Structure formats: structure tokens, C-alpha cells
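Each chain, written out:
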Amino acid sequence: MNPDTALVVGMVLSVLAIPAIVSAMSDGRSPRVAAVVAVIGAGCVVFALQAKPSGYHLSDIPNVVYSELGRLLN
């Protein structure tokens, strides 16, 4: 998997897991599935950070997201 793709997928999964965790906790349920999704998202981000030798800067993240969206749509 491309490190840029792994970074974007990991960020999306991690962001989507946050409302699921809050919802499960407010309903009194244990957030099992949301926690698994958050761990998978964090794993994708860690993989992306380790796979790219030069790493990512905060200013690189919008360009990576836009390039991956463009690659997905084309």
C-alpha cells in the first residue's frame, strides 16, 4: 500500500471512530467496534509514517489528501 494512501485512510478511520466512541459511551455500551476501527486507523498512520523515509510535515498533509482524492476520482 502506498504510504500516502495509508495516511489518508488512517486519518479518515480515526476521525470516524471518535463519534462512534462518544455515541457508544453515552448509550452505556462498550465501544468495541469503534475501538477496533481507531486502532486500525492508528496502525495505518504509523505504517505511513514508517514507510516514508522523509516523513510528513503538517504542511504536507493537505497536499497528500488532495492528491489521494484526485487519484481516487480519476
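Just so we're clear, the structure is a prediction, and the values are computed from it rather than from any experiment.

Undergrad: Tell me about the nonpolar core, and please be specific about residues and values.
TA: One finds A6, L7, V8, A48, Y56 and V64 forming the largest nonpolar core, which totals 6 residues. Ignoring sequence-local partners within four residues, the contact set of Y56 consists of P3, D4, L7, A48, L49 and V64.

Undergrad: Explain the pattern of salt bridges to me, using residue names and the numbers behind them.
TA: Across all of its chains, the model carries 2 salt bridges by this definition. With a shortest N-O distance of 3.4 Å, E68 and R71 are connected by a salt bridge. Highlighted residues: E68 and R71, both in helix α3 (residues 61–73), separated by 3 residues, approximately one helical turn.

Basis of the calculations
- Residues numbered from 1 in each chain as written.
- Predicted model: local features only at pLDDT ≥ 70, side-chain atom pairs only at ≥ 80, totals over all residues.
- Heavy atoms only, no water.
- Core = buried A, V, L, I, M, F, W, Y, C linked by side-chain atoms within 4.5 Å.
- Buried < 20%, exposed > 50% of the residue type's maximum accessible area, 1.4 Å probe, protein only.
- Contact = heavy atoms within 4.5 Å.
- Salt bridge = Lys/Arg side-chain N within 4 Å of Asp/Glu carboxyl O.
- Helix = DSSP H or I, 4+ residues; strand = E, 2+ residues; numbered from the N terminus.

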